[in-house]
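Here is what each chain is made of, one letter per residue.
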Amino acid sequence: MLTAAALPVLAAVTLALRPASQDLPTSIDLTALAASAEPVSAGGDEPRSVEVTVQRNDTLDRIFRAAGVDNTTLTELRRLPDARKALDLLRPGDIITLTHVDGALQSLNRRISNTLTLSVARAEQGFAVNYIENPLETEVSATRARIDSSLFAAGREAGLSGETIMVLANEMFGWDIDFALDIRRGDEFSVIYQRKFQDGRYVGDGRVLAAEFVNQGRTYRAAWFESADGAVRGYFTPEGRGMRKAFLRAPLDFTRISSGFNPRRLHPLSGRVRAHQGTDYAAPTGTPIWAAGDGRVQFAGRKGGYGNTVIIDHGRGVTTLYAHMSRFGRAGRNGRAVQQGEVIGYVGSTGASTGPHLHYEYRVDGKPKNPATVPLPNTEVPARYMAEFRDTAGAAIAQLRLARPVSPEQVASR
Ligand SMILES: [Zn+2]
C-alpha cells in the first residue's frame with residue numbers, strides 16, 4: 001500500500017483499481033481519473049473492485065465520488081444502525097474496498113483493525129452488515145531443532161521467528177531452564193505453533209500451542225490452554241500444572257549473552273563459578289537484570305566487594321541478591337515492591353569484580369542455596385476445566401511427536 005508521503009501533493013486520494021478476481025492492484029491517481037473523459041469502467045455488469053486508502057480530511061462522499069460509485073447509496077448505508085459509526089470515523093491510512101457494477105455499490109469492506117473488517121454487502125432488501133473477525137488465516141506448523149551453536153540459530157534454522165523463540169524462553173521454559181547457562185550442544189526442541197497469513201502472505205507466527213525442550217537429557221513439555229470461558233489461560237505441563245514459577249532461573253536478559261554465542265560456553269560449567277555459592281553470569285555492561293521473583297527491595301546500594309547491590313526479600317525467609325551492577329534500575333530502590341521480571345539494575349563490574357558480570361545468590365534464611373523451582377500457588381488447571389484441557393492442550397501435545405526437522409528448502413520458501 002502506498003503511504004501518504006509517496007503521493008503527489010495534489011492527489012487527495014490514491015485508488016488501486018482492480019477487477020474483483022485479480023490480486024495485483026494497479027495504482028492510478030485521482031487527478032488523472034478526474035481528467036479522463038471516459039470513466040474507468042469494465043462496462044457491462046462486470047463488478048469492479050476499488051481499493052481506497054483514506055487520506056487526511058477525506059470523507060466517504062468524496063471517496064465514493066472519486067471511485068465512481070453512486071453516492072446516493074451512502075444515505076442508505078448511514079441508516080444502517082450497525083454500520084454508521086464505523087463508516088463515519090475515518091482515519092488516514094484506513095483501507096476501504098468498494099465493489100460496484102457501473103457505479104451501483106455491491107459491497108463495501110473496511111478494515112477496522114488488523115483482525116476486524118466491516119463488510120456491507122447488497123442483500124435482497126437493502127444492505128447487510130457483517131463484522132468479520134480475524135481475517136488472518138492460521139495454519140498449524142510443527143518443527144524440530146537441535147542446538148549446535150545457540151538457541152536462536154537453531155530456532156531460526158527450523159523456521160521460527162525471533163518472537164516465537166523468545167516465547168519458548170520467556171513464557172514457557174524460563175522458570176525451569178537457565179537459558180543463559182544451561183543450554184548445551186545437542187539440546188533439542190519441538191514446537192507446534194501457528195503461522196499467520198493474510199491474503200495468502202505469511203505475516204508472522206501466532207501462538208505457540210505446545211513445545212518440548214530437551215535440556216541436558218531432561219525433557220520439559222508445555223502446552224497453551226485457554227478455556228472457552230476465558231477464565232483459565234496460560235502455559236501448562238501435560239498434567240495441567242502452570243509453567244510459571246515463583247523464581248526465574250536466570251534473572252537477566254539472556255539474549256544479550258547469547259548474541260555472538262560462543263560454542264565454548266556450551267562446555268559444562270564454563271562461566272559458572274560455584275566457589276562462593278552464587279551464580280555468575282558473564283554479560284555485557286548494561287544488560288538488564290530482572291527481579292527473579294515478586295518481593296520487596298530490602299537493600300539497594302553499595303555493599304563492599306559486591307559493589308552496587310540489590311537484595312530482594314521474597315517472604316518466607318527467601319532473599320535474592322544481585323551484585324556488581326553498573327547502575328540501579330527503576331525498580332531497584334530501597335523499600336520498593338517489585339514484581340518478577342521488573343528491571344532492578346544493569347550488569348556492571350563494581351566492587352571486587354574482574355569483568356562485567358552479574359553475581360546472583362538465592363538465599364534461604366540467609367544461606368546461599370540452589371535456586372528452587374517453587375510453583376506459584378493457584379496456577380494449576382482447576383479440576384472442572386481438566387476435560388477441556390485434555391481435549392485442546394492434549395491434542396497439541398500429542399502433535400509434538402509429529403514434529404520433524406525442517407529442510408533448508410522449506411525454510412527458504414517461507
Ligand atoms: Zn560471583
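Residues numbered from 1 in each chain as written. Predicted model: local features only at pLDDT ≥ 70, side-chain atom pairs only at ≥ 80, totals over all residues. Heavy atoms only, no water.

**Q** Where do I start with the nonpolar core in this structure?
**A** A general trend in soluble globular proteins is that nonpolar side chains are found buried together. Membership of the largest hydrophobic core comes to 52 residues, with the highest contact counts inside it found for Phe173, Phe189, Tyr322 and Ile344. Among the elements that line this core, the one with the most residues is helix α6 (residues 162-173), at six residues. Setting aside residues up to four positions removed in sequence, Ile344 forms contacts with Ile289, Trp290, Ala291, Val310, Ile312, Tyr322, Met325, Phe328, Gly329, Ala331, Gly332 and Val338. Counting 22 residues, the second-largest nonpolar core is a separate cluster that includes Ile63, Ala83, Ile96 and Leu118. (Core = buried A, V, L, I, M, F, W, Y, C linked by side-chain atoms within 4.5 Å. Buried < 20%, exposed > 50% of the residue type's maximum accessible area, 1.4 Å probe, protein only. Helix = DSSP H or I, 4+ residues; strand = E, 2+ residues; numbered from the N terminus. Contact = heavy atoms within 4.5 Å.)

**Q** Could you clarify how one ought to interpret the pairing of strand β15 (residues 295-302) in this entry?
**A** A regular strand carries its side chains on alternate faces of the sheet. Judged from the two bridges that link them, β15 and strand β19 (residues 337-338) form a sheet pairing that is antiparallel. Bridge assignment links Arg296 to a residue of β19, and that residue is Ala337. Bridge analysis of β15 against strand β16 (residues 308-313) gives six bridges, and the strand direction is antiparallel. If you follow Gly301 over to β16, its bridge partner there is Thr309. Counted between consecutive antiparallel strands, the loop separating β15 from β16 contains five residues, among which Gly304 sits at a positive phi close to 50°. (Pairing = 2+ DSSP bridges.)

**Q** Quick question: what am I supposed to make of the pairing of strand β6 (residues 116-122) here?
**A** With six bridges connecting them, strand β5 (residues 104-113) and β6 associate as antiparallel partners. The partner of Arg111 across the bridge, within β6, is Thr117. Sheet topology places β6 next to strand β7 (residues 127-133); seven bridges connect them, and they run antiparallel. Pairing of Thr117 across the sheet is with Ile132, part of β7. Joining the antiparallel neighbours β6 and β7 is a turn of four residues, in which Gly126 adopts a positive phi near 65°.

**Q** I would appreciate a short explanation of the packing of aromatic side chains in the present structure.
**A** For any pair of aromatic rings, geometry is given as the distance between the ring centres together with the angle between the planes. Taken as a whole, this structure holds eleven aromatic pairs when the rule is applied. Between the aromatic rings of Phe179 and Phe213, the centroid separation amounts to 5.4 Å while the plane-to-plane angle is 85°, which identifies the pairing as edge-to-face. In this pair, Phe179 sits in the loop between α6 and β9 (188-198) while Phe213 sits in strand β10 (residues 201-215), placing the two residues 34 residues apart along the sequence. This pair shows no difference in class: Phe179 is buried, exactly as Phe213 is. (Phe/Tyr/Trp six-rings, centres within 6.5 Å; stacked < 30°, edge-to-face > 60°.)

**Q** I would appreciate a short explanation of the pattern of salt bridges in the present structure.
**A** For the coordinates displayed, the defined rule picks out 13 salt bridges. In this structure, Arg144 engages Glu188 in a salt bridge whose closest nitrogen and oxygen atoms are separated by 3.4 Å. Residue Arg144 is located in strand β8 (residues 137-146), and its partner Glu188 is located in strand β9; the two are separated by 44 residues in the primary sequence. In this structure, Arg144 engages Glu212 in a salt bridge whose closest nitrogen and oxygen atoms are separated by 3.7 Å. With Arg144 in strand β8 and Glu212 in strand β10, the pair connects residues that are 68 residues apart, well separated along the chain. The class of Glu212 is buried, set by a relative accessible area of 13%. (Salt bridge = Lys/Arg side-chain N within 4 Å of Asp/Glu carboxyl O.)

**Q** I would appreciate a short explanation of the sheet that holds strand β12 (residues 233-236) in the present structure.
**A** Backbone-to-backbone hydrogen bonds pair the strands of a sheet. The strands run either parallel or antiparallel. Pairing is antiparallel across the open sheet formed by five strands, whose spatial order is β8-β9-β10-β11-β12. Looking at which strands have only one partner, the edges of the open sheet turn out to be β8 and β12. Here the average twist between neighbouring strands, direction ignored, is 25°. Across ten bridges, the pairing between β8 and β9 is antiparallel. Among the inter-strand pairings, Arg146 is bridged to a residue of β9, identified as Glu188. Where α6 meets the sheet, it contacts β9, β10, β11 (218-226) and β12, and its direction lies at approximately 45° from that of β10. Running at roughly 135° to β11, helix α8 (residues 386-399) makes contact with β8, β9, β10, β11 and β12 of the sheet. (Axes fitted to C-alpha atoms, helices over the stretch in contact; angles between N-to-C directions.)

**Q** So what exactly am I meant to see when it comes to the sheet that holds strand β20 (residues 343-346) here?
**A** Read from one edge of the open sheet, three strands run β14-β20-β18, paired in antiparallel fashion. Edge positions in the sheet fall to β14 (288-290) and β18 (327-328), since each has one partner strand and no second. The sheet contact formed by β18 and β20 spans two bridges and is antiparallel. Following the sheet pairing, Phe328 is matched in β20 by Gly345.

**Q** Hey, could you run me through α8 in this one?
**A** Think of an α-helix as turning once every 3.6 residues; residues three or four places apart then point the same way. Here α8 is 14 residues long and its end C-alpha atoms lie 19 Å apart, about the 20 Å a rise of 1.5 Å per residue gives. Taking the largest bend as the criterion, α8 deviates by roughly 30°, centred on Ala393. Inspection of α8 places Met386, Phe389, Ala393, Ala396 and Ile397 among the buried residues, and these make up the whole buried set. If you follow the buried residues of α8, they end up packed against β9, β10, β11 and β12. (Expected span 1.5 Å × (residues − 1). Bend = angle between axes of the 7 residues up to and from the residue.)

**Q** Help me understand unusual backbone geometry in this model?
**A** Note on backbone geometry: most residues besides glycine have negative phi, and most peptide bonds are trans. In this model, Arg316 sits at a positive phi of 50°, which is unusual for a non-glycine residue. By the element assignment, Arg316 lies in the loop between β16 and β17 (318-325). Positive phi outside glycine occurs at His324, with the angle close to 70°. Residue placement: His324 occurs in strand β17.

**Q** Looking at this model, I keep getting lost on the environment of Phe254. Mind explaining?
**A** Residue placement: Phe254 occurs in the loop between β12 and α7 (255-258). On the basis of relative accessible area, Phe254 is assigned to the buried category, the value being 5%. Remark: the alpha-carbon pair of Phe254 and Ala283, spanning 29 residues in sequence, is separated by 8.5 Å. Residues in contact with Phe254, not counting those within four places in the same chain, are Leu151, Phe152, Met166, Ala169, Asn170, Phe179 and Ala180.

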